[in-house]
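Per-entry structural report
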Amino acid sequence: MGLESSLDEYLLGSGGSYSYLRARNGVPLPGEAREMEEAYHGQDVYLTLHSHIQLAVEQALTVAETLYDPERMMAIVADPKTGEVLAMSNRPSFNPNYYQSISNHMNFTVSDHFEPGSTMKMFTMAAAIEEGVYDDEEYFQSGTYSTGYSDTPLIRDHNQGRGWGDIPYKEAMPRSANTAFASIVNDKLGADRFYEYMERFGFGRPTGIGLPMEASGLMSENDLGAIYSGFGQASAVTPIQQVQAATAIANGGDMVQPYLIDKIVNPNTGDVTYEHEPELSGQPISEETANQVKSQLRDVVYSDIGTGQPYQVEGIEVAGKTGTAQIPSEGGYLNGHNQNIFSFLGMAPYDDPELIVYVAVDRPNMPDGRSGNGAVAEIFNTVLKQSIQYLNLTSYDLDADEYQPEGAEVTDVTGSRINRAVEELQEHNLDAVVIGDGNRVEKQYPDAHEKVLAGEKIFLHTGGESIMPDFTGWSQRDVMKFGVVADLDIRVEGNGFAMNQSLEPGASLSGVETIDVAFTTDRSALDDEDEESPPDEAEESSEELPTEEVEESPEEEEPVE
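Residues numbered from 1 in each chain as written. Predicted model: local features only at pLDDT ≥ 70, side-chain atom pairs only at ≥ 80, totals over all residues. Heavy atoms only, no water.

1. Details of the overall build of the chain
For the chain, the helix and strand inventory stands at 16 helices and 28 strands. Residues counted as buried form 52% of the 561 residues belonging to the chain. Residue pairs in contact within the chain that sit at least 24 positions apart in sequence constitute 69% of those at least 6 positions apart. For the chain, the exposed area adds up to about 24800 Å²; of that, 43% sits on carbon and sulfur atoms. (Helix = DSSP H or I, 4+ residues; strand = E, 2+ residues; numbered from the N terminus. Buried < 20%, exposed > 50% of the residue type's maximum accessible area, 1.4 Å probe, protein only. Contact = heavy atoms within 4.5 Å. Areas by Shrake-Rupley, 256 points an atom, 1.4 Å probe, with all protein chains shown as cover.)

2. Quick notes on the nonpolar core
Judged by nonpolar contacts, the single largest core of 74 residues is most densely connected at Phe 123, Met 198, Phe 201 and Phe 203. Filtering out sequence-adjacent residues up to four positions away, Phe 203 remains in contact with Met 120, Phe 123, Met 198, Met 219, Val 237, Gln 241, Gln 242 and Ala 245. In this structure, Ala 56, Ala 87, Val 318 and Leu 384 belong to the second largest nonpolar core, which totals 55 residues. (Core = buried A, V, L, I, M, F, W, Y, C linked by side-chain atoms within 4.5 Å.)

3. Re a nonpolar patch on the surface
Residues Tyr 18, Tyr 20 and Met 36 make up a contiguous nonpolar surface patch of about 330 Å² in total accessible area. Here Met 36 is to be found in strand β2 (residues 35-37). (Patch = residues over 30% accessible without salt bridge, like charges linked within 9 Å, V, L, I, M, F, W, Y side chains within 5 Å. Salt bridge = Lys/Arg side-chain N within 4 Å of Asp/Glu carboxyl O.)

4. Details of the sheet that holds strand β25 (residues 457-463)
Across the sheet, three strands lie side by side as β22-β25-β23; this open sheet has mixed pairing. Strand pairing shows two members of the sheet lacking a second neighbour, β22 (431-436) and β23 (443-445), which therefore form its edges. Taking the axes of each pair of neighbouring strands and ignoring which way they run, one obtains an average angle of 20° across the sheet. Here β22 pairs with β25 via six bridges, running parallel. In the sheet register, Val 433 faces β25, and the bridge partner there is Phe 459. (Pairing = 2+ DSSP bridges. Axes fitted to C-alpha atoms, helices over the stretch in contact; angles between N-to-C directions.)

5. Structural notes on the packing of aromatic side chains
In total, this model carries 14 aromatic pairs according to the counting rule given. When the centroid spacing of 3.8 Å and the interplanar angle of 5° are considered together, the rings of Tyr 311 and Phe 344 count as stacked. Note that Tyr 311 is positioned in the loop between α11 (287-302) and β14 (319-326) and Phe 344 in strand β17 (residues 340-348), a separation of 33 residues in sequence. A relative accessible area of 0% places Tyr 311 in the buried class. Centre to centre, the rings of Phe 459 and Phe 482 are 6.0 Å apart; their planes meet at 65°, and the pair counts as edge-to-face. Taken together, the positions of Phe 459 in strand β25 and Phe 482 in helix α14 (residues 476-486) put the pair 23 residues apart, joining distant regions of the chain. Side by side, Phe 459 and Phe 482 carry an identical accessibility label, which is buried. Connected via pairs of aromatic rings, a cluster forms that spans Phe 459, Phe 471, Trp 474 and Phe 482. (Phe/Tyr/Trp six-rings, centres within 6.5 Å; stacked < 30°, edge-to-face > 60°.)

6. Re the packing of helix α5 (residues 121-130) against helix α7 (residues 178-189)
Packing of α5 against α7 brings their axes to within 11 Å, and their N-to-C directions diverge by 35°. Seen along the crossing, α5 lies across α7 with a hand that is left-handed. Of α7, the residues touching α5 (which contributes Lys 121, Thr 124, Met 125, Ala 127 and Ala 128) are Asn 178, Phe 181, Ile 184, Val 185 and Leu 189. Its residues assigned to classes, the contact of α5 with α7 shows seven nonpolar, two polar and one charged. (Left-handed = near helix turned anticlockwise from the far one by under 90°. Nonpolar A, V, L, I, M, F, W, Y, C, P; charged D, E, K, R; others polar.)

7. Overview of the environment of Gln 476
Here Gln 476 is to be found in helix α14. Taking the relative accessible area as the measure of exposure, Gln 476 reaches 12% and is therefore buried. In sequence terms Gln 476 and Val 517 are 41 residues apart; their C-alpha atoms lie 9.1 Å from each other.

Below is the structure:
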């Protein structure tokens, strides 16, 4: 199935043979002619997938699947300059060795289409700016918007239609105001021009990525549908279509076709029989428009009013758009907490994006009433940070206001005396964390020769009695890595940096199986927290995290016919 099926003619090859006459006892007869036909090896297919980034995606999805048990998840990492797909994965997944147990054969990232939610707003905004009908200083009335069609409910903003009063259009993107984008389509662009730009961005047709069963999506065709499509309802698109369209914004207006096959080589001759060259699939907008939209997407993440604050990644400047898509059901849409597809379509580094990352999580079971955006942020932030590191890209340090190189390779210290192991890791600008009171390193994580961020924690297990460290300020990724090495079940609340833990620092881990850890995205709050705060205080603090804000409230939105 998948690529292997579509490339079978290249991969198959042919077997060789050797024929001769032999006696009954199997001994070849002397002097008889022998014929040999050489085997012809199938060709080697080289993919664009980056093994480390693919692994990072798989690990992040596995953690989220364990913690939140969503209906499904999708993730794509791509290079916006070339269209190379560096990673692509879905959940539920399957092991092809156990064919009879496979319940889902679909690659959701290319074969499924659904209403995208507010990620679509970046393309609506691009159309309005390109057409010259957008004025960021013009004001509009937020809260509710009337389409002017009879028997059509008011379009509401995601805060139960309260809105934010009379505000300028420049706040529409960071606030994710449905009313603004409905107005942009209905009052400024018009349905025909809107659909024209959506076609330019590649919606409604396959991208041509080369995977079997790619869906075309389904764009609405009437005027009312255009209004709703402008903020992410009424039309259905695929994740790979959104990634392709986003390359135009990341790449100065040039939209490139996503692809997975880098080259095909004949191992028998060494000849390259196929090599993919980056292919421009359109120029839907100008460079000036792309830069204006990208600036707005940065505000989504870093503005005080932005819905994307949980997607701030330390050391990397991110631009992107959140999405909360409703799921059609009989007679309308699913209702209830987190009965949505939560997503984020982001790019980084902001000044000159080298990566586009799309993550979607469908109906996660979040603890304590948290929004599903929290699960998306945990996946996106982990994948982006590791991807930037693996590609040896420079990352932007917002505090230092300068670019700093990152990246290091883990030294193999297994079997070394603990003091020497710590010194050796420190020489490579890595932070050694010792687990146990033994004298030598029995196990390390991450493993030897893996590429990690400079300054990243490397966990060394020495055996013997283990002591609980102080998690305060640790990233969620580091806490989860500690759980892997110490064989602990870490129950997570919130995201960002560790704020409270259920087992106090210095306590013995003997007999402990589960630990609760609360996280916050507000680093300043860590300085104010008492390190001895009990777990119930951590729970109260976590309710104030930005990830608790639901970008859109489907319970208040009316279904679209």
